Amino acid sequence: MTNSIADLVTADVVLLMGSNTTTAHPVIAMRLNQALAAGMKLIVIDPRATTFARRADIHLALNPGTDVALLKAMMRVIVEEGLEDSSFIEMRTEGYEELRRSLEELSIGQAAAITGIAEEDIRAAARLFAGSGRSAIVYCLGVTQHAHGTDNVRSIANLAMITGSIGLPGTGVNPLRGANNVQGCCDMGGLYNLLPGYKSVEDGEARERFAAAWGGEIDPRPGLSVTEMIEAAGTGELKAMYIMGENPMLSDPDAAHVKSGLENLDFLVVQDIFLTETAALADVVLPGATFAEKNGTFTNTERRVQRVHKAVEPPGEARPDWRIVRDVANAMGADWQYQSPKDVMNEVRQLVPQYGGIRYARLEKGGIQWPCPAESHPGTAILHQEEFICGRGKLAAVDFIPADELPDDEYPFIFNAGRDLMHFHTGSMTRRSRSLDQLVPGPLVDINPADAAKLGIEDGTRITVTSRRGSITAAARLTDSTPRGSVFLPFHYAEAAANLLTNTARDPICKIPELKVCAVRVEKA
């Protein structure tokens, strides 16, 4: 996030996009609810009538996968009506004329036809966002998990920059991370093409710096993304995998394809706290420690590095992740001398400038938001206040491209996956909680009552949802929150795994798969 949560909720207007915040980020939802009660205006862009959509001043229930068309139309209204921040554009951005010309390629009427949103609603949202004081954008996986998710995010950045909605209190482009410490994993180079601190593996100077610290050569070639690994495993190109704290059997698209790929490996190691669906396929399972059983740090969605203190000892042979990885590396010939997570953090401080001033002693007094380049630095609550890291912000002309797989006569519904409030991610922890599982004991497929009536489906009827990749069976839940022509299923449930249905089509740049749109048919079981 460019801004802290405490700062975000001072915005005059928040544009909430692709996020059912109430179920996926309930603590942030609480802060947003407090801000709404204090007078903040809210625009929600989401196909579903979520809790915040029902509270919003404007709810734009777009057709799934049409985000770019909607954002371009809003920007066209802003430019045509002179609501852009000309000073910010001139002083801090480049590429505006190219962007402006690209906006003329799509009329407001054409955008309305593509998105399913009335022209007057598009105009009203644009005026509210650009003309009502300081505005912030908050988005989540409903924006990024598309075959053209990078284009969605670029369009969000364009909207923020042409309105000057970045680098100030109550503004910013604020992605909500999908799981605990995702931000920290990315900061530490947990991406297929980056070293820690977001340095490209193709950057020779960066490679030399890390090679000197680590005592080994660093391959200059980008690696494989998760979905590419599964494909390579299936073809036999990839022989072994070490999976830590992930459950791709439930979290990755086309689960049958994932299972086939993992089973084709010569050797699979899974390191986790429970015997997940993925761990059940492993040749070796290494038991890790939970958050309460280890020391270290987490970095949350607002870039805040926070200390984690061990409360209890790990059970049985479970060990902290850092120790397992160190011991495996040393067994393979390394000479890693880390004796504690503090030793690892001290190395991070030397190699990652954003973390340079973050010491354990400082964290004992409270979390620190990076970048924090020196011990005298207080941390950074708001990014890009004076300039962008790259100098001028790069406005980008983005074309609307439809989703990879749309409904047809054989598969007439759009399928969307998401989360329940009572369960987390693939359910490996929460579904082992008796109280949480009693509250939501099994999967329910949300379907609009009008669609259900046509198919003779009642509330609780067992239905089968089928895509080109697989089928699941679960009880139907009739709800107006899901629009006509769509069905929705949380992905926590192994007995009706949503990702048996989803599409492996992925964004060509960030390689994220299109988990939010695929075509399905619905029948009584």
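Numbering of residues begins from 1 in every chain and follows the order in which that chain's sequence is written. At least 70 in pLDDT is required for a residue's local features to be given in this predicted model, at least 80 for side-chain atom pairs to be given and counted, and no such filter applies to totals for whole chains, interfaces and linings, which use all residues. Hydrogen atoms and water are omitted, and side-chain values are computed over all heavy atoms in the structure.

Engineer: Please clarify how the overall build of the protein chain should be interpreted in this entry.
Structural biologist: Helix and strand counts for the protein chain come out as 21 helices and 21 strands. Taken over the C-alpha trace, the protein chain has a radius of gyration of 24 Å; the compact-globule value for 525 residues is 24 Å, and the two agree within 12%. If you line up the protein chain on its principal axes, its C-alpha atoms span 65 × 60 × 45 Å. Entry remark: accessible area of the protein chain is about 23,200 Å², with carbon and sulfur atoms responsible for 52%. Distance between charge centres in the protein chain, computed from 51 positive and 67 negative side chains, equals 5 Å. We count a stretch as a helix when DSSP gives it H or I for four or more residues in a row; a strand needs E for two or more, and each element gets its number in order from the N terminus. Radius of gyration here uses only the C-alpha atoms, and the compact-globule reference equals 2.2 Å multiplied by the residue count raised to the power 0.38. Accessible surface is estimated by sampling points in the Shrake-Rupley manner with a 1.4 Å probe; for residues, cover comes only from the protein chains shown. Just so you know, the count uses Lys and Arg for positive and Asp and Glu for negative, and it drops His and the chain ends. We put the charge of a Lys on NZ, of an Arg on CZ, of an Asp on CG and of a Glu on CD.

Engineer: What am I meant to see in the pattern of salt bridges here?
Structural biologist: Between side chains of opposite charge, pairing is possible as soon as their charged atoms come close. Put simply, a salt bridge is a Lys or Arg side-chain nitrogen that is within 4 Å of an Asp or Glu carboxyl oxygen. The final tally for this structure, using the stated rule, is 29 salt bridges. Put simply, Arg359 and Glu375 hold a salt bridge, and the shortest N to O gap is 2.6 Å. A residue pair is termed long-range when its members are at least 10 positions apart, and Arg359 in the loop between helix H18 (341–351) and helix H19 (360–363) and Glu375 in the loop between strand E14 (368–369) and strand E15 (393–394) qualify at 16 residues. On the basis of relative accessibility, which here comes to 42%, the residue Glu375 falls in the partly exposed class. Residue Arg477 is joined to Asp446 by a salt bridge in which the shortest nitrogen-to-oxygen separation is 2.6 Å. You can see Arg477 sitting in strand E19 (residues 471–478) and its partner Asp446 sitting in strand E17 (residues 444–447), a full 31 residues away along the chain. One salt-bridge network, held together by shared partners, links Glu228, Glu231, Arg506 and Lys511. With a 1.4 Å probe rolled over the protein chains alone, any residue whose accessible area is under 20% of its type maximum counts as buried; one over 50% counts as exposed, and the rest are partly exposed.

Engineer: In this structure, what is going on with a nonpolar patch on the surface? I would like to understand it.
Structural biologist: Only residues whose relative accessible area exceeds 30% and that form no salt bridge enter a patch; like-charged residues are grouped when within 9 Å of one another, and nonpolar side chains (Val, Leu, Ile, Met, Phe, Trp, Tyr) when within 5 Å. A cluster of nonpolar side chains, namely Phe274, Phe424 and Met429, defines an oily patch on the protein surface of about 240 Å² accessible area. Mapped onto the secondary structure, Phe274 falls in the loop between strand E10 (267–272) and strand E11 (284–287). The exposure class assigned to Phe274 is partly exposed, which follows from its relative accessible area of 31%.

Engineer: Even after reading the chapter, I still don't get the domain arrangement of the protein chain, so can you show me in this structure?
Structural biologist: A common way to express how large an interface is: the accessible area buried when the components associate. In this entry, domain limits derive from an automatic or database-based domain assignment. By domain assignment, the protein chain separates into domain 1 (5–176), domain 2 (178–223 + 295–377), domain 3 (224–287) and domain 4 (413–524). Here the C-alpha centre of domain 4 lies 36 Å away from the C-alpha centre of domain 2. Across the contact, 4 residues belong to domain 2 and 5 residues belong to domain 4. Taking both partners together, domain 2 and domain 4 bury about 270 Å²; carbon and sulfur atoms supply 49% of that area. The largest share of the area that domain 2 buries against domain 4 comes from Gly178, Ala179 and Tyr192, three residues that together contribute 93% of it. Our count for the contact surface shared by domain 2 and domain 4 stands at 0 salt bridges. Pairs of N or O atoms within 3.5 Å make up the polar contacts considered here, provided that, within protein, one atom can donate a hydrogen while the other can accept it, and that residues adjacent in sequence are counted only when both atoms are side-chain atoms. Our count for the contact surface shared by domain 2 and domain 4 stands at 2 residue pairs in polar contact (both at pLDDT 80 or more). Here, two residues are considered to be in contact whenever any of their heavy atoms come within 4.5 Å of each other. Computed with a 1.4 Å rolling probe, the buried area is the accessible surface lost when two parts are put together, summed over both parts.

Engineer: For this particular structure, what's the right way to read the layout of surface pockets?
Structural biologist: Picture a little ball the size of a water molecule; that probe, rolled over the atoms, points out where space is still empty. Reported here for the second largest pocket is a volume of approximately 300 Å³. Cavities and pockets are found on a 1 Å grid laid over the protein atoms alone: a cavity is a set of points where a 1.4 Å probe fits but cannot escape, a pocket is an open set with protein on both sides within 12 Å along at least five of seven lines, and a lining residue has an atom within 4 Å of such a point. Around the second largest pocket sit 21 residues that line it, and Thr23, Arg48, Asp420, Asp446 and Arg477 are the ones nearest its centre. Residues of the lining of the second largest pocket, tallied by class, amount to 7 nonpolar, 8 polar and 6 charged. The residues that make up the lining of the second largest pocket include at least three from each of domain 1 (5–176) and domain 4 (413–524). Grid points are joined across faces, edges and corners, and a volume is the space filled by probe spheres set on the points. Each residue is assigned to one class: nonpolar for Ala, Val, Leu, Ile, Met, Phe, Trp, Tyr, Cys and Pro, charged for Asp, Glu, Lys and Arg, and polar for all the others, Gly among them.

Engineer: Before we go on, may I ask you to explain the nonpolar core in this structure?
Structural biologist: By convention a nonpolar core is built from buried Ala, Val, Leu, Ile, Met, Phe, Trp, Tyr and Cys residues, the set being connected through side-chain atoms within 4.5 Å. Of all hydrophobic cores here, the largest spans 45 residues; its most connected members are Ile43, Leu60, Met74, Leu159 and Ile162. Top element by residues in this core is helix H5 (residues 67–80). It accounts for 9 residues. Counting residues in hydrophobic clusters, the runner-up holds 22 residues, among them Val9, Val14, Leu16 and Phe52.

Engineer: I would appreciate a short explanation of the side chain of Asn158 in the present structure.
Structural biologist: Looking at the element boundaries, Asn158 is found in helix H11 (residues 149–162). For Asn158, a relative accessible area of 2% gives the class buried. Excluding residues within four positions of it along the chain, Asn158 makes contact with Met75, Leu99, Lys394, Leu395, Ala396 and Val398.

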